[in-house]
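# Observations on chain architecture
Residues per chain are reported as follows:
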Amino acid sequence: MNVDLIKIASQFRILGNIKEVVPLGEGFINDTFIISTEGKSPKYILQRKNKKVFSPIPAMMENIQKVCDHIKAKVLKAGGDPMREAMTIIPANDGKLYFLDEEKEYWAVCLFIEDTIAYEAAETPELAYAGGKGIGKFQSLVSDLKDPLTDILPGFHNIRIRYEQWDAVLKKDPVGRKEKVQEEIEWIESRREEMMDFWKLVENGTIPTRVSHNDTKINNILFDKNGEVLCVIDLDTVLNSTVLNDFGDAIRYYTNTGKEDDTNLANVSMNMEIFRAFAKGYLEEAGSFLTEKEIEYLAFSAKYITYEQVLRFLMDYIDGDNYYKTKSEDHNLIRTRAQYKLLTSIEEQYVAMKKVVKELVS
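Predicted model, so just to flag it, every value in this text is computed and none were measured. (Residues numbered from 1 in each chain as written. Predicted model: local features only at pLDDT ≥ 70, side-chain atom pairs only at ≥ 80, totals over all residues. Heavy atoms only, no water.)

When you line up the elements, K225 lands in the loop between β8 (221-223) and β9 (229-232). Other than its neighbours up to four places away in sequence, K225 contacts D115, T116 and I117. (Helix = DSSP H or I, 4+ residues; strand = E, 2+ residues; numbered from the N terminus. Contact = heavy atoms within 4.5 Å.)

Written out as structure tokens, the structure reads:
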């Protein structure tokens, strides 16, 4: 990367002298670095925000600040440590929540929270339970945040908009792949009415709109050294939508016994034990504010989000692989079939999932 990272980092109100700036993680969307300072000054996280995914970046940073300020106030009132139990955004020297460099790239900095644990996968029921508590706790803390957030991902998880995109791609068939995936297209079409019936409940307010995180992988939850939930991080995707999206995507992610692009479909299924553990942790934290209708559709949200992902992979395949990075010509088709196997496993266990939710609520 031809960027002077120390020069970029120096544009922010960082305590102490900057010692080094080094990469952190793989950075699938943003480029992420850790800023080390001299002496006992704290460390910081520096990110180059992906302006192709998020727009506009200044509004996204304002969303994050609103959520962080709200959580910090709640934590302080409860006698907690707001510097550890919420993200802290570090402003640029000019007071803005971001720095715009000469190449028109956006950068942001937050405080690095020391002595924390992060997990890459919820491989045990105990970890799934902890992940459920983490997402439920986050949603509970922001459940009374009334200040609206800017929609920086228009149409995200909105199946009506997805169908408009889907229909346009099918009509155009730009690379001539539609004919070979007629069976997969039927998977999508056969469930269209069911998915739209759910989304209409969101549109008419029967299922309320709240603050949702929209990226509920367990590696976006920090735990303390005792394994207790500390805070949720990576707030770029916070939006006003249904919180069921968070639950459904977490189940899609946590419970899959295979890989998202598994070529051996026998590996792929939904693990009911992991589902129960996550739902238990989640409802212990979120059950106090969820409406009866939200609870009724918790299990369905796993079908909805997994179905949407099947649609998106297949749509990108038909469209010529313009959105997702692919490793081969049929990579998106492999993903489609693996996600569809997960969807059918969820559908087969759907009645049992609803029973689990009912038992946990009772």
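So, next bit.
Among the 11 residues in helix α7 (residues 244-254), 10 count as buried, and that is most of the element. Along α7, the positions that sit buried rather than exposed are L244, N245, D246, F247, G248, D249, A250, I251, R252 and Y254. (Buried < 20%, exposed > 50% of the residue type's maximum accessible area, 1.4 Å probe, protein only.)

Our next topic: the packing of aromatic side chains. Ring pairs (aromatic) are described by centroid distance and by the angle formed between their planes. Tallied over the full model, the rule gives 18 aromatic pairs. Ring centres of W187 and Y340 lie 3.6 Å apart, and the angle between their planes is 5°; this geometry places the pair in the stacked category. Placement of W187 in helix α5 (residues 182-189) and of Y340 in helix α11 (residues 331-348) is noted, with a sequence separation of 153 residues between them. Assessed through its relative accessible area of 12%, W187 is described here as buried. The rings of F198, W199, Y297, F300, Y304 and Y350 are connected pair by pair, giving a single aromatic cluster. Lying across the ring of Y317, R177 places its NZ or CZ 4.4 Å from the centre. (Phe/Tyr/Trp six-rings, centres within 6.5 Å; stacked < 30°, edge-to-face > 60°. Lys NZ or Arg CZ within 6 Å of the ring centre and 35° of its normal.)

Moving on, we get to the side chain of D101. Checked against the element boundaries, D101 lands in the loop between β5 (99-100) and β6 (106-111). Comment: no salt bridge for buried D101; closest opposite-charge side chain is R48, at 5.7 Å. Polar side-chain contacts of D101 include one of 2.8 Å to the backbone nitrogen of E105. (Lys, Arg positive; Asp, Glu negative; His and termini not counted. Salt bridge = Lys/Arg side-chain N within 4 Å of Asp/Glu carboxyl O. Polar contact = N/O pair within 3.5 Å; in protein donor to acceptor, adjacent residues only side chain to side chain.)

Walk down a regular strand and you will see the side chains alternate between the two sheet faces. Judged by how many residues are buried, strand β2 (residues 31-37) sits mostly within the fold: six of seven residues are covered. In this structure, strand β1 (residues 18-23) lies alongside β2, joined through five bridges in antiparallel fashion. Of the residues in β2, the one forming a bridge with I18 is T37. Here β2 pairs with strand β3 (residues 44-49) via five bridges, running antiparallel. Bridge pairing in β3 links I34 to I45. With antiparallel pairing between neighbouring strands as the criterion, β2 and β3 make up a hairpin whose turn holds six residues, including G39 at a positive phi of roughly 65°. (Pairing = 2+ DSSP bridges.)

For the rest of this paragraph, the subject is the environment of N240. Note on placement: N240 falls in strand β10 (residues 239-241). Residues N240 and K43 lie 197 residues apart in sequence; the distance between their C-alpha atoms is 31 Å. Look past the residues within four positions of N240 in its chain and what remains in contact with it is P148, L149, T209, R210 and V211. Here L149 takes part through its backbone nitrogen, which lies 2.7 Å from a polar atom of the side chain of N240.

What follows covers unusual backbone geometry. Across the junction of S55 and P56, the peptide omega takes the value -5°, indicating a cis bond. A positive phi is found at H157, a non-glycine position, where the angle reads about 65°. By the secondary structure assignment, H157 is in the loop between α3 (125-141) and α4 (159-172). H157 gets classed as buried once you look at its relative accessible area, which sits at 5%. Even without being a glycine, N214 presents a positive backbone phi close to 75°. Residue placement: N214 occurs in the loop between β7 (210-212) and β8.

Inspection of the secondary structure puts S301 in helix α10 (residues 298-319). Taking the C-alpha atoms as reference, S301 lies 7.9 Å from D249; in sequence the two are 52 residues apart. Filtering out sequence-adjacent residues up to four positions away, S301 remains in contact with L244, F247 and G248. A distance of 3.4 Å separates the side chain of S301 from the backbone oxygen of L244, its partner in a polar contact. At a separation of 3.3 Å, a polar atom in the side chain of S301 contacts the main-chain amide nitrogen of G248.

Okay, the pattern of salt bridges next. Per the stated rule, a full pass over the model turns up 22 salt bridges. A salt bridge links D147 to K66; its shortest N-O distance comes to 3.7 Å. Taken as a pair, D147 in the loop between α3 and α4 and K66 in helix α2 (residues 57-77) lie far apart in primary sequence, 81 residues in all. Residue classification places K66 among the partly exposed positions, given a relative accessible area of 27%. Residues E189 and R192 are paired through a salt bridge, measuring 3.0 Å at the closest nitrogen-oxygen approach. By relative accessible area, which is 22% here, R192 ends up partly exposed. Through salt bridges with shared partners, a single network forms among K133, K280, E284 and E285.

Attention now goes to the nonpolar core. One finds V67, W166 and Y282 to be the most contacted residues of the largest nonpolar core, which totals 100 residues. With 13 residues, the single largest contributor to this core is α10. Contacts of V67, omitting those with residues within four sequence positions, involve F138, V142, L145, L149, V211, L235 and V238. (Core = buried A, V, L, I, M, F, W, Y, C linked by side-chain atoms within 4.5 Å.)

For the rest of this paragraph, the subject is α11. In a regular helix each residue adds 1.5 Å, so 18 residues correspond to 26 Å; α11 covers 26 Å between its end C-alpha atoms and thus fits that length. Counting buried positions along α11 yields 13 of 18 residues, so the element is predominantly enclosed. (Expected span 1.5 Å × (residues − 1).)

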